[in-house]
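# Structural overview for review
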Amino acid sequence: MAELRLQGLTKRFGEVVAVRDLTVTVESGELVALLGPSGCGKTTTLRMVAGFEAPTQGRVVLGGRDVTDDPPERRNCGMVFQHYALFPHLTVEQNVAFGLEMRRLPRSEVRRRVGEILERVGLTGLARRYPRQLSGGQQQRTALARALVINPSVLLLDEPLANLDAKLREEMRFYIRSLQREFGITTLYVTHDQAEALVLADRIAVLMNGVLQQVGSPEEIYSRPRTATVAAFLGVTNLLPGRVVARRSDLVVLRTSAGIVRACGADGLAEGAEAVVSIRPEHIDLDRADAPGSRDGVNHLRGVVRERTFLGGLVDFRVDLGEGFLLRVQGRAGAPQRVGDQVSVLFDPQAAWALPAQETA
Amino acid sequence: MSAAQAETVIGRSVSRQLGRHLLVVPALAVVVLCFVIPYLNLLVISAMTPSTRAAYLPVFTLANYTRLIADPFTWRVIWHTLWLGGLTTALSLLLGYPLAYHLARAPRRSRGLLMVLVISPLLVGVLIRTYGWMILLQDTGVINQFLRSLGARGVPLMYNDLGVLIGLTHVFVPFMVLSVAGTIQGVDPELELAARSLGAGAWRAFWRVTWPLSLPGVTAGTLLVFVLAISSYVIPSLLGGFTVLTVPILVVRTVTELFNWPAGSAFAILFFAITLAILWVYLRIMGWASRGVS
């Protein structure tokens, strides 16, 4: 068991800075998802941890040992590649045995450990197959077995589910999660899929343009994002611009184009500051426009339904709040509002999150 | 579907297949006309009686073969030819493989330039290229003059096996590089990284992963170079100066100097058969070695 610490990790490719001054710690046994859009530097980070790429600056510390200058073969990282990188000329069991053979373990122990891990991932019957004779999910499990069998200090996963179909991807999320818990292995998981990160991770590190935006639990990142970019990247949200007119104990009061909004707010939002309010569509209720005065403390705005999209279990509304601001609202399947209806828009201040207006995009 | 419909569907697929097969006809025609028929002709001549008046007497005999097989000189020359061919192949592989690896892993931009450099020996005609080597290698050549100017003794670099080997390897390295680079390019570089992360050093990762996966290219390259080397004529005659005897040289001499067409043909056919047998065994071995490689 080991913790993984990245200290001020920076990688430059010529003029391009792929990763800038990244500091993150993955606690022993913890799964941290490195989340970001493609090209944000997350894979580069993973490759620096694995030793495939030398950082321009900063250190990689694994289990208290500085491995920054060690070649990959001396880091004891279990890596699962996006395309699995299974050895095509070796069978499943030979693939899995590879790392143990490199450690020059006795033949009998290699056979025992390969047998055990194949049983654990449910591939015992396929041990003699070649990778090309396996389905995507089976290849994925082979890659996991090959990485786990060496008892790595840290498990590195590079978009491991990106090449599976939607249904299998969903299954594998939970599968990887349970496997990781069972082995209690420190894991760094790279993904661009926020749903995947939310399901899998103990903590999420959001990386954008090579810069770490925020680290925190999935709930924290989802409901208390630190910037509007992070808020928009995780799930769907409405970003309503406004100006802080007052701070009242734990609430921030903002004047927006649609009216006065009370919200919870990040620290450092002073009176007069430009801000945006992030409101998730699932936290908004619609009511008749002539509904009696709002419940106490609940934000109350008015708008007109512009679009209504049936999504099966849910209905997706676009509500015009005036000045062209379209608010996304998620309603239950039977929601009575129709296009053109005047509606009241209601949401709790606890569900509204005020953020500093974006300095830079 | 009615029977008539089924028939037209089948008919269509048959004619489509036929159309596909028609594509091989031009190549097949060339092979038959320029290769199979001449070889059959050679086979016929090799079983005819030698004559001093005509190319051969149309009288059937196996004497050409029995005489050839009984003569230890025949076997010495065959062995020497195969030996030179094998050595050339090994040397080409040794020089060509690292080059191919580098080429395959080079950034796309520089790959074109490297490719031109690799095939540059083929851009010069064989005679000019070989005379170039003679200028360098002969006893009074550039290399030996340089050695003597340093006070060292001259080294015989030509009119021996070494000269032939140098000349042959020079031309055949490109064939090796192109064959091998193709397969290495098809080997995902991440496989080597995967091996590294599993604890293999750079060398072991190469030997356990990239090398076995590149064997199909190695097979193709070695086969190509070996066949070209044992059948080459100009380079061994010029750089070997007729002190190096190979099968092609001997066949040409038998036909053009001794005017013994049947004996020369018999020699050619015998060597052809031996080469075929060697290649068959070699392909079996390489096929076994690269089993599992798709």
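Shown above is the structure to which this text applies.
Residues numbered from 1 in each chain as written. Chains lettered and ligands numbered in written order. Predicted model: local features only at pLDDT ≥ 70, side-chain atom pairs only at ≥ 80, totals over all residues.

### Quick notes on the overall build of chain B
Quick reminder of the rule: Runs of H or I in DSSP of at least four residues are treated as helices and runs of E of at least two as strands, each being numbered from the N terminus. We compute the radius of gyration over the C-alpha atoms and compare it with the globule rule, which gives 2.2 Å times the number of residues raised to the power 0.38. Contact between two residues is assigned when their C-beta atoms, built from the backbone, lie within 7 Å.
Scanning chain B for helices and strands turns up 13 helices and two strands. The C-alpha atoms of chain B give 25 Å as radius of gyration, which overshoots the globular expectation for 294 residues (19 Å, by more than 25%). With respect to the principal axes defined by its C-alpha atoms, chain B has extents near 75 × 70 × 35 Å. Sequence separation of 24 or more characterises 71% of the internal contacts of chain B that already satisfy a separation of 6 or more.

### A look at helix α3 (residues 107–120) of chain A
Residue and element names in this part refer to chain A. Worth spelling out the cut-off: In a helix, the anticipated span is given by 1.5 Å times the number of residues less one. Counting other C-beta atoms within 10 Å of a residue's own tells you its class, since 20 or more makes it buried, 12 or fewer makes it exposed, and anything in between is partly exposed; those C-beta atoms are placed from the backbone. The arc refers to the directions leading from the helix axis to the C-beta atoms.
Compared with an ideal rise of 1.5 Å per residue, which puts 14 residues at 20 Å, α3 spans 20 Å between its outermost C-alpha atoms and is within 8% of the ideal. Looking only at α3, the buried set comprises Val110, Val114, Ile117 and Leu118. Looking straight down α3, one finds its buried side chains confined to an arc of 100°; they lie on one side. Exposed and facing more than 90 degrees away from the buried side of α3 are Ser108, Glu109, Glu116 and Glu119. Residues of α3 that are buried sit in contact with α2 (92–102) and α4 (136–148). Positive phi shows up at Gly122, right after α3, with a value of about 70°.

### Quick look at the nonpolar core
Filter applied, for reference: Definition of nonpolar core: a set of buried Ala, Val, Leu, Ile, Met, Phe, Trp, Tyr and Cys residues joined via C-beta atoms within 7 Å. Domain segmentation is taken from an automatic or database assignment of domains.
Judged by nonpolar contacts, the single largest core of 144 residues is most densely connected at Ala33(A), Leu156(A), Leu188(A), Tyr189(A) and Val277(A). At 13 residues, helix α8 (residues 161–185) of chain B tops the list of elements feeding residues into this core. Counting contributing residues, this core receives three or more from each of domain 1 (4–228) and domain 2 (236–356) of chain A. Apart from residues no more than four positions distant in its own chain, Val277(A) is found in contact with Leu240(A), Gly242(A), Leu254(A), Thr256(A), Val261(A), Ala263(A), Ala352(A), Trp353(A) and Ala354(A). The next biggest cluster of nonpolar side chains, apart from the first, holds eight residues, and it includes Val247(B), Ala263(B), Ala268(B) and Phe271(B).

### What to know about the environment of Leu224(B)
Locating Leu224(B) in the fold gives a position in helix α10 (residues 202–230). Sequence separation between Leu224(B) and Leu68(B) is 156 residues, and the spatial gap between their C-alpha atoms is 27 Å.

### Observations concerning the interface of chain A and chain B
It is common to give the size of an interface as the accessible area that goes away when the parts come together. To keep it simple, the criterion reads: By the convention adopted, Pro, Cys, Tyr, Trp, Phe, Met, Ile, Leu, Val and Ala count as nonpolar, Lys, Arg, Asp and Glu as charged, and the other residues, Gly among them, as polar.
Taken together, the contact pairs 20 residues of chain A with 19 residues of chain B. Mapped onto the side of chain A that touches chain B, the elements with two or more residues apiece are β6 (77–80) and α2 of chain A. Residue contributions to the side of chain A that touches chain B peak at three residues, all from α2(A). Each residue belonging to the side of chain A that touches chain B can be placed in one class, and the counts come to 14 nonpolar, three polar and three charged.

### Describing the pairing of strand β13 (residues 259–265) of chain A
Residue and element names in this part refer to chain A. The criterion, for reference: One bridge is not enough; two strands pair if DSSP finds at least two bridges between them.
Two elements, strand β12 (residues 251–256) and β13, share six bridges in a ladder whose sense is antiparallel. If you follow Arg255 over to β13, its bridge partner there is Ile260. Here β12 folds back onto β13 in antiparallel fashion, the turn holding two residues. Relative to strand β20 (residues 352–356), β13 is paired through two bridges, and the arrangement is parallel. Each residue of the ladder has a partner; that of Cys264, found in β20, is Trp353.

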